[in-house]
Amino acid sequence: MPTQAVIALAFSAAVICAFKIATWIVKRRTARDEVEIEVWRERVVTEFGLLPEDRQNTGRACAAPELDAVRDLAAAGDWRACAEHLAAAGRDWDLRERLVEELAEAAAEEDGWLKAWRAERPGDPDAAVVHACGLVKLAWKLRGAAFAEHTSQEQAEGFHRVLAEAHDACAEAQRLAPEDPVPWVTELWIALGLDYPQGEFDRVWSGLTARDPHNYPGHYAAVQYQCAKWHGSAQQANAFADRAASAAPEGSLLAGMRLIALHEHEPDGAEETYWSTPYAQAAIGDARRAVDAAPAGDARAAEIRHLLAWCYVITDRPVEAMAQFTLVDGHVNALPWRYSEDPAGYYCHIRAATAFAADRQLAA
């Protein structure tokens, strides 16, 4: 479930990201540069047609009119139209997963329409899948995004209680929709929150890959499970991402998993060295080739482009970074921006600093 509500997994990530960005800025700034960067905040808007901070969409990584439409239908309580949209996705598993995510987000805020759907069609597999995913979304909302030591007992109890409900709901969805990979992706996030042991995680992973072996959101969730901040280590996360990328078809966006695993373990104060290693550079190159081969407007490719821009910024390749910023501008719900408390503000500041650096580099 690699979208906005769930990926705000920990306040620590926001603090770390803010520190990294602040460190990067300080290392590269002089007082004069700071003035220039502020000028470039305006120039990227007036001269290059990029959007100002107050027009950056913090809920998406790219434009998604179909998701906007289904979210509006859920907000209006029109569950029948929501059901039609989901049914029309058929076996397009990626589209189905994104629609389920959107409906689940809506249900976590207000679920009267979903209750009506389930009451009128109690055996509907689509409603069951949305219900399970919605419970996971609700659980993370109840927990909040603070460090564990700053999470109250009430929050922790609510989190685990609702995840336990989601576990049962997932089992029902898996039974009602035996070919659908989406409830297996949902259970991966339950595995994360309920601390599934490796054997139980492997069971869920096998269930997912038997249905969709190259499922992007499932791989994202699995990389998170393997990270040091959850149940693994940098080595485990990188090894998992390597296997995923190596086994994927030519041009698969799973090449981006290497960047995600690397970003999750980015060291403080040594980012440029970290991203300049042969391994990291190969990962950047593979991800770039994958996104360049993807269809225009691909949502997963947009997520990777945001992270590519960051990699280029860190390794002093501002011209290439600006090319990526131009392609994704206007939507900032992606790594690394969504790990900060002010995604649009950080994105626009780094974009301005990068435009300034690119201008100097081109003039040299």
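Residues numbered from 1 in each chain as written. Predicted model: local features only at pLDDT ≥ 70, side-chain atom pairs only at ≥ 80, totals over all residues. Heavy atoms only, no water.

### Here we look at the overall build of the chain
Okay, so step 1: Counting its secondary structure elements, the chain contains 19 helices and zero strands.
Okay, so step 2: The 364 residues of the chain split such that 54% are buried.
Okay, so step 3: Restricting the contact set of the chain to residue pairs at least 6 apart, pairs at least 24 apart contribute 72%.
Okay, so step 4: Looking at the chain as shown, the accessible area adds up to about 15,100 Å², and 54% of this sits on carbon and sulfur atoms. (Helix = DSSP H or I, 4+ residues; strand = E, 2+ residues; numbered from the N terminus. Buried < 20%, exposed > 50% of the residue type's maximum accessible area, 1.4 Å probe, protein only. Contact = heavy atoms within 4.5 Å. Areas by Shrake-Rupley, 256 points an atom, 1.4 Å probe, with all protein chains shown as cover.)

### Comments concerning the pattern of salt bridges
Okay, so step 1: Throughout the structure, instances matching the rule amount to 29 salt bridges.
Okay, so step 2: The partner of glutamate 109 in a salt bridge is arginine 71, and the shortest N-O contact between them spans 3.1 Å. Remark: arginine 71 occurs in helix H4 (residues 65–75) and glutamate 109 occurs in helix H6 (residues 93–109); sequence separation between them is 38 residues.
Okay, so step 3: With relative accessibility at 55%, the residue glutamate 109 sits in the exposed group.
Okay, so step 4: Taking relative accessible area as the criterion, arginine 71 reaches 22% and is therefore assigned partly exposed.
Okay, so step 5: Of the charged contacts in the structure, one is a salt bridge between arginine 300 and glutamate 303, with a shortest N-O distance of 3.7 Å. Linking arginine 300 with glutamate 303, this pair stays in helix H17 (residues 299–314), spanning three residues, or about one helical turn. Across this residue pair, the class does not change: arginine 300 and glutamate 303 are buried.
Okay, so step 6: Put simply, Arg60, Asp68, Arg71, Glu102 and Glu109 are held in one network by salt bridges that share partners. (Salt bridge = Lys/Arg side-chain N within 4 Å of Asp/Glu carboxyl O.)

### Some details on the packing of helix H13 (residues 234–247) against helix H14 (residues 257–264)
Okay, so step 1: At a minimum axis distance of 8 Å, the contact between H13 and H14 shows a crossing angle of 170 degrees. Comparing their axes, H14 and H13 come out roughly antiparallel. Across the interface between the two elements, Ala237, Asn238, Ala241, Asp242, Ala245 and Ser246 from H13 touch Met257, Arg258, Ala261 and Leu262 from H14.
Okay, so step 2: Broken down by class, the residue content of the contact of H13 with H14 amounts to six nonpolar, two polar and two charged. (Axes fitted to C-alpha atoms, helices over the stretch in contact; angles between N-to-C directions. Parallel < 35°, antiparallel > 145°, perpendicular 65-115°, else oblique. Nonpolar A, V, L, I, M, F, W, Y, C, P; charged D, E, K, R; others polar.)

### Here we look at the packing of aromatic side chains
Okay, so step 1: For the structure on display, the rule yields 13 aromatic pairs.
Okay, so step 2: Ring plane angle 85 degrees and centroid distance 6.1 Å describe the contact between tryptophan 310 and tryptophan 337, whose orientation is recorded as edge-to-face. Taken together, the positions of tryptophan 310 in helix H17 and tryptophan 337 in the loop between helix H18 (318–328) and helix H19 (343–363) put the pair 27 residues apart, joining distant regions of the chain.
Okay, so step 3: For tryptophan 337, a relative accessible area of 0% puts it in the buried group.
Okay, so step 4: Put simply, the rings of Phe201, Trp205, Tyr225 and Phe240 touch in pairs and so form one group of aromatic residues. (Phe/Tyr/Trp six-rings, centres within 6.5 Å; stacked < 30°, edge-to-face > 60°.)

### Thoughts on the nonpolar core
Okay, so step 1: Core analysis: the largest hydrophobic core is formed by 81 residues, its most contacted members being Leu259, Trp275 and Phe325.
Okay, so step 2: Sorting elements by how many residues they give to this core places H17 first, with ten residues.
Okay, so step 3: Trp79, Cys82, Trp113 and Ala173 belong to the second-largest nonpolar core, a separate cluster that totals 26 residues. (Core = buried A, V, L, I, M, F, W, Y, C linked by side-chain atoms within 4.5 Å.)

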